[in-house]
Amino acid sequence: FSELATDIKDYYPSKSVTLVHSRSRLMHKFHPRMHEVLMERAKELGIDVILEDRVRLPPKGFPTDGSHFDITLSSGRTISANLAVRMPVSENLPL
């Protein structure tokens, strides 16, 4: 998920990229330094990282036609977007 965010920002530097993660650290199962490295890279690229929050998935999903829409987080915060990529929960993935 962090790799996808950095790749998008590398290829489309003018795009606004936001990464929302439910935990207090990215890559929480790895050494804490991994989180620090990822946060430094996100800052270099101008990626907004929101930790300890979750995306509320609309019943019909997000639009896929490139139109702008709002993404609502569990905290009530909203993010304007024209693309949303949902990643699987990390506990479901083998290491």
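The structure we're discussing is the one just above.
Residues numbered from 1 in each chain as written. Predicted model: local features only at pLDDT ≥ 70, side-chain atom pairs only at ≥ 80, totals over all residues. Heavy atoms only, no water.

*Asks:* Is there a simple way to explain the packing of aromatic side chains in this structure?
*Replies:* Each pair of aromatic rings is reported with the distance of its centres and the angle of its planes. With the rule as written, the count across this model stands at one aromatic pair. A ring pair is formed by Phe62 and Phe69, whose centres lie 5.4 Å apart and whose planes are at 25°; its orientation type is stacked. Residue classification places Phe62 among the buried residues on the basis of a relative accessible area of 18%. (Phe/Tyr/Trp six-rings, centres within 6.5 Å; stacked < 30°, edge-to-face > 60°. Buried < 20%, exposed > 50% of the residue type's maximum accessible area, 1.4 Å probe, protein only.)

*Asks:* Looking at this structure, how should I read a nonpolar patch on the surface?
*Replies:* There is a patch of nonpolar side chains on the surface, built from Leu4, Leu83, Val85 and Met87 and spanning about 350 Å² of accessible area. Checked against the element boundaries, Leu4 lands in helix α1 (residues 2-11). (Patch = residues over 30% accessible without salt bridge, like charges linked within 9 Å, V, L, I, M, F, W, Y side chains within 5 Å. Areas by Shrake-Rupley, 256 points an atom, 1.4 Å probe, with all protein chains shown as cover. Salt bridge = Lys/Arg side-chain N within 4 Å of Asp/Glu carboxyl O. Helix = DSSP H or I, 4+ residues; strand = E, 2+ residues; numbered from the N terminus.)

*Asks:* Help me understand α1 in this model?
*Replies:* Along an α-helix, a turn takes 3.6 residues, which lines up residues three or four apart on a common side. The set of residues buried in α1 consists of Ser2, Ala5, Thr6 and Lys9. What you see down the axis of α1 is that its buried residues fit within an arc of 95°, all on one side. With respect to the buried face of α1, the exposed residues turned more than 90 degrees away are Glu3 and Tyr11. Of the surrounding elements, those touching the buried residues of α1 are β1 (18-21) and α2 (32-45). (Arc of directions from axis to C-beta. Contact = heavy atoms within 4.5 Å.)

*Asks:* Please clarify how empty space enclosed by the protein should be interpreted in this entry.
*Replies:* Gaps between atoms show up when a probe of the same size as a water molecule is rolled over them. Throughout the structure, instances matching the rule amount to one cavity of 30 Å³ or more. Here the largest cavity is characterised by a volume of approximately 40 Å³. Lining the largest cavity, in full, are Ser2, Ala5, Thr6, Leu19, Leu26, Leu38, Ala42, Ile47 and Val49. Within the residue set of the lining of the largest cavity, elements represented by two or more residues are α1 and α2. A per-class count over the lining of the largest cavity returns seven nonpolar, two polar and no charged. (1 Å grid on protein atoms, 1.4 Å probe; cavity = no way out; pocket = protein on both sides within 12 Å on 5 of 7 lines; lining within 4 Å. Points joined across faces, edges and corners; volume = space filled by probe spheres on them. Nonpolar A, V, L, I, M, F, W, Y, C, P; charged D, E, K, R; others polar.)

*Asks:* Looking at this structure, how should I read the pairing of β1?
*Replies:* The side chains of a regular strand alternate between the sheet's two faces. Only one face of β1 is buried: it carries Leu19 and His21, and the other face, with Thr18 and Val20, is open. Viewed along the sheet, the connection from β1 through α2 into strand β2 (residues 48-51) turns out right-handed. (Right-handed = clockwise from strand over helix to strand, strands pointing away.)

*Asks:* I keep staring at α2 and nothing clicks. Help me out?
*Replies:* Taking 1.5 Å per residue, 14 residues should reach 20 Å; α2 reaches 20 Å between its end C-alpha atoms and fits that length. Among the residues making up α2, those that are buried are His35, Leu38, Ala42 and Leu45. Down the axis, α2 shows its buried residues gathered within 95° of arc, on one side only. Away from its buried face, by an angle of more than 90 degrees, α2 presents the exposed residues Lys43 and Glu44. Buried residues along α2 sit in contact with α1 and β2. (Expected span 1.5 Å × (residues − 1).)

*Asks:* What is the right way to read the pairing of strand β3 (residues 69-72) from this model?
*Replies:* Every second residue of β3 is oriented toward a common face, the buried set being Phe69 and Ile71 and the non-buried set Asp70 and Thr72. By the bridge criterion, four bridges tie β3 to strand β4 (residues 78-81) in an arrangement that is antiparallel. For Ile71, the partnering residue across the bridge sits in β4 and is Ile79. Here β3 folds back onto β4 in antiparallel fashion, the turn holding five residues, of which Gly76 has a positive phi close to 100°. (Pairing = 2+ DSSP bridges.)

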